[in-house]
Amino acid sequence: MVSRVIPVDPFDLVIFGGTGDLARRKILPGLYRRFVAGQMPADSRIIGAARGELDDAGFQKMVAEAIAEFVPAERQDKAAIKAFLERVGYVSIDAKGTGGWDALKSRMRENVVRAFYFSVAPALFGDLAERLHAHGIADAWSRIVVEKPFGRDLASAKALNAVLAEHFDEHQIYRIDHYLGKETVQNLMAVRFANILFEPLWKAEYIDHVQITVAETVGVEGRGAYYDKSGAMRDMVQNHLMQLLCLIAMEPPYHFDPDAVRDEKLKVIRALDPVKPEDIVRGQYLPGGGQGGYVEHSEDPASRTESYIALKCHISNWRWKNTPFYLRTGKRLRARASEIAITFKEPPHSIFDDAQGWRENVLVIRLQPNEGMNLMMMIKEPGPGGMRLMQVPLDMSFADALGAEAEDIPDAYERLIMDVIRGNQTLFMRGDEVEAAWAWADPIIAGWEARGDRPQGYDPGSSGPEDALMLMHRDGRRWREIKG
Ligand code: NAD
């Protein structure tokens, strides 16, 4: 199999917050990889813009260090790094100030794609958008990329959308949710809509339930002050898990086109029922394994912020009536693992005596580790033991299927940045989608705040709070094991 790298058009990409953590860990190393892969044309430019007083050479040094730290050693190539750095420059700008904007303008070239990555706190989005226009740097063809968190409730998301809309059209705004850039997440759409096999079964009649799990082993240490204002619901469910749910539940779009796909996702969010209090479990990790618990990492020793959440939701439409979607995500869990599992129903009648051996068909879409898909199937147990049944996985791990090429699969950020340059918004959240997701999440959060609910403690390295297990047991179901 030969992977095809299609170069994008030449571009000028300005990274506001170019000296920050996200730029150093993801954006800049990702751009280097796309440069090496031949996707970023040589006549493209990357301009870091941040408050720090640096010159080009100082920023290039920082970028070189970021590549050294965050690109695997075998992918670092001296000549390529040198060539990449020649395309990197820096302008010192305070988003709230007046200095530096003319210098930035003088760096921008005509007739290339202009993209502005807002890798800064959302409080600065409005200032940046306004100044880019006031200084004549952004035009009708420019794009802006904005990072999460996109609001912390419906009101703030609307305010952010309004501020951006003052200066940019919706088709110029790229709201990143890096989960949508993952190879398997896009493959989910290919599996659903490029095969006849699954879609006829993709409905409440044949699907018993869906589980979406995003489990992390890390805690919030170092980010406690930020996380305490957010929590797992705002930080993960409203955006990442919601996007995954949409891709599983949406109707086939008429075309793989940004608005066609996003229209269908929006319909799913709008069809979500309110979540009942008894269908929500919130948790907070306790101290253990020589490490502090959540409250030690927060600035508030009485914090009620959840580092774990599990909930059951329903989509009120013909396709999904009575098929529950169970979502869970948390920190300090037993393994780092993200997956979607679609559990099918029993066949209507069994002709086999071996009822004990029977297990449901499950389609597992693994986001990490080891991206790939797995279909759990029933077969006859090999050997002379009579007609016994056993379950085996039909395994499609990308690493196995693609061999060395799997290593060239761009990571989510790389792919999404290239999509920005191409002007393809399919994998980015539209403003109305984000608002609809907050409109669903807000009453859930308001509910537990009004009730004064405290999250349940759970041991680090566990699968989460006991009550989360009960959420499933009550329905005669079980969570899948969290395995790394
Ligand atoms: P950071 O604090 O490490 O970096 C912030 C950057 O913004 C720095 O380059 C700083 O110089 C610049 N900056 C701050 N105030 C400025 C101003 N007034 N004018 C111009 N530049 C200014 O933050 P980060 O972790 O890189 O995060 C950046 C954004 O990305 C935030 O919105 C964050 O929520 C989001 N985000 C970060 C991550 C991550 O992994 N770090 C993941 C998802 C989203």
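Calculation notes
- Residues numbered from 1 in each chain as written.
- Predicted model: local features only at pLDDT ≥ 70, side-chain atom pairs only at ≥ 80, totals over all residues.
- Heavy atoms only, no water.
- Helix = DSSP H or I, 4+ residues; strand = E, 2+ residues; numbered from the N terminus.
- Rg over C-alpha atoms; globule rule 2.2 N^0.38 Å.
- Buried < 20%, exposed > 50% of the residue type's maximum accessible area, 1.4 Å probe, protein only.
- Contact = heavy atoms within 4.5 Å.
- Areas by Shrake-Rupley, 256 points an atom, 1.4 Å probe, with all protein chains shown as cover.
- Lys, Arg positive; Asp, Glu negative; His and termini not counted.
- Charge placed at Lys NZ, Arg CZ, Asp CG, Glu CD.
- Core = buried A, V, L, I, M, F, W, Y, C linked by side-chain atoms within 4.5 Å.
- Domains from an automatic or database assignment.
- Near = heavy atom within 4 Å.
- Polar contact = N/O pair within 3.5 Å; in protein donor to acceptor, adjacent residues only side chain to side chain.
- Nonpolar A, V, L, I, M, F, W, Y, C, P; charged D, E, K, R; others polar.
- Phe/Tyr/Trp six-rings, centres within 6.5 Å; stacked < 30°, edge-to-face > 60°.
- Lys NZ or Arg CZ within 6 Å of the ring centre and 35° of its normal.
- Salt bridge = Lys/Arg side-chain N within 4 Å of Asp/Glu carboxyl O.
- Patch = residues over 30% accessible without salt bridge, like charges linked within 9 Å, V, L, I, M, F, W, Y side chains within 5 Å.
- Pairing = 2+ DSSP bridges.
- Right-handed = clockwise from strand over helix to strand, strands pointing away.

Participant: Could you give an account of the overall build of the protein chain, with specific residues and numbers?
Facilitator: Within the protein chain one finds 15 helices and 15 strands. In terms of overall dimensions, the protein chain is globule-like: its C-alpha atoms have a radius of gyration of 24 Å, near the 23 Å expected for 484 residues. Projected onto its principal axes, the C-alpha coordinates of the protein chain cover approximately 75 × 55 × 50 Å. Per-residue burial for the protein chain yields a buried fraction of 52% across its 484 residues. If you take every contact in the protein chain between residues at least 6 apart in sequence, the share linking residues at least 24 apart comes to 76%. If you sum the accessible surface of the protein chain, you get close to 21700 Å²; carbon and sulfur atoms cover 53% of it. Within the protein chain, the 70 negative side-chain charges are centred at a point lying 1 Å from the centre of the 60 positive side-chain charges.

Participant: Describe the nonpolar core, naming the residues involved and giving the relevant values.
Facilitator: Membership of the largest hydrophobic core comes to 141 residues, with the highest contact counts inside it found for Phe16, Phe84 and Trp440. Of all the elements, helix α9 (residues 231–249) adds the most residues to this core, at 12 residues. Split by domain, the residues of this core number at least three in each of domain 1 (11–147) and domain 2 (180–409 + 429–473). Residues within four places of Trp440 in sequence aside, it is in contact with Met233, Val237, Met242, Leu272, Asp273, Val275, Leu311 and Cys313.

Participant: I'd love a proper account of the site of the ligand, names of residues and values included.
Facilitator: The environment of the ligand is formed by 20 residues, the closest being Thr19, Asp21, Arg25, Ala95 and Val120. Between the ligand and the protein, one listed contact pairs an oxygen atom with a side-chain N or O atom of Thr19 at 2.7 Å. Against a free-state accessible area of 830 Å², the protein chains account for coverage of 73% of the ligand. No other element matches the 3 residues that helix α1 (residues 21–36) contributes to the shell around the ligand. For the shell around the ligand, the per-class residue count stands at 9 nonpolar, 5 polar and 6 charged.

Participant: I'd love a proper account of the side chain of Ser92, names of residues and values included.
Facilitator: Along the chain, Ser92 turns up in strand β3 (residues 88–92). Polar contacts involving the side chain of Ser92 include one to the main-chain carbonyl oxygen of Gly52, which spans 3.4 Å. When neighbours within four sequence positions are excluded, Ser92 is seen to be in contact with Ala50, Arg51, Gly52, Glu53, Gly99 and Gly100.

Participant: So what about the packing of aromatic side chains? Which residues, and what values?
Facilitator: Enumeration according to the criterion identifies 14 aromatic pairs in this entry. Ring plane angle 75 degrees and centroid distance 6.3 Å describe the contact between Phe198 and Trp202, whose orientation is recorded as edge-to-face. The pair formed by Phe198 and Trp202 is uniform in burial state, with each residue classed as buried. On the basis of an interplanar angle of 75 degrees and a centroid distance of 6.0 Å, the ring pair of Tyr326 and Trp479 is categorised as edge-to-face. Of this pair, Tyr326 sits in strand β10 (residues 325–330) while Trp479 sits in the segment after α15 (466–473), and the two are 153 residues apart along the sequence. Each member of the pair, Tyr326 together with Trp479, is buried. These aromatic residues form a ring-pair network of at least three members: Phe16, Trp101, Phe116, Phe118 and Phe125. In this arrangement the basic side chain of Arg175 is found over the ring face of Phe150, its NZ or CZ atom lying 5.0 Å from the centre.

Participant: If you had to explain the environment of Phe118 to someone new, which residues and values would you point to?
Facilitator: Turning to its location among the elements, Phe118 is positioned in strand β4 (residues 113–118). When the C-alpha atoms of Phe118 and Arg454 are compared, they prove to be 35 Å apart, with 336 residues separating the residues in sequence. Those residues in contact with Phe118 that lie beyond four places of it in its chain are Phe16, Phe125, Leu128, Ala129, Leu132, Ile144, Val145, Val146, Glu147 and Leu164.

Participant: Tell me about the domain arrangement of the protein chain, and name the residues and values.
Facilitator: Per the domain assignment, the segments of the protein chain are domain 1 (11–147) and domain 2 (180–409 + 429–473). Taking only C-alpha atoms, the centre of domain 1 and the centre of domain 2 are 34 Å apart.

Participant: Residues and numbers for the pattern of salt bridges, please.
Facilitator: Counted according to the given criterion, the structure contains 35 salt bridges. Asp235 serves as the salt-bridge partner of Lys148, at 3.3 Å between the closest nitrogen and oxygen. Highlighted residues: Lys148 in the loop between β5 (143–146) and α6 (154–165) and Asp235 in helix α9, separated in sequence by 87 residues. Take Lys148: its relative accessible area is 27%, and that puts it in the partly exposed class. Given a relative accessible area of 4%, Asp235 falls into the buried group. Its salt-bridge partner being Arg430, residue Asp259 comes within 2.7 Å of it at the nearest N-O pair. Here Arg430 lies in the loop between α13 (412–422) and α14 (431–451) and Asp259 lies in helix α10 (residues 258–270), a separation of 171 residues in the sequence. Asp259 sits in the partly exposed class, given a relative accessible area of 38%. Through salt bridges with shared partners, a single ionic network connects Asp259, Arg262, Asp263, Arg430 and Asp432.

Participant: Tell me about helix α5 (residues 125–134), and name the residues and values.
Facilitator: When α5 is considered as a whole, its buried residues turn out to be Phe125, Asp127, Leu128, Ala129, Arg131 and Leu132. Buried residues along α5 sit in contact with β1 (11–16), α4 (101–107), β4, β5 and α6. The first or second residue beyond α5 is Gly136, which carries a positive phi of 65 degrees.

Participant: Which residues make up a nonpolar patch on the surface, and what values go with them?
Facilitator: A contiguous nonpolar surface patch, about 310 Å² in accessible area, is contributed by Ile351, Phe352 and Met387. The class for Met387 is partly exposed, based on a relative accessible area of 44%.

Participant: Residues and numbers for the pairing of strand β2 (residues 45–50), please.
Facilitator: Of all 6 residues that make up β2, 5 are buried, and the element is covered over most of its length. Relative to β2, β1 is paired through 5 bridges, and the arrangement is parallel. In the strand pairing of β2, Leu13 is matched with Ile46. Remark: the β1/α1/β2 crossover connection has right-handed handedness. Note: β2 against β3, 5 bridges, orientation parallel. If you follow Ile47 over to β3, its bridge partner there is Gly89.

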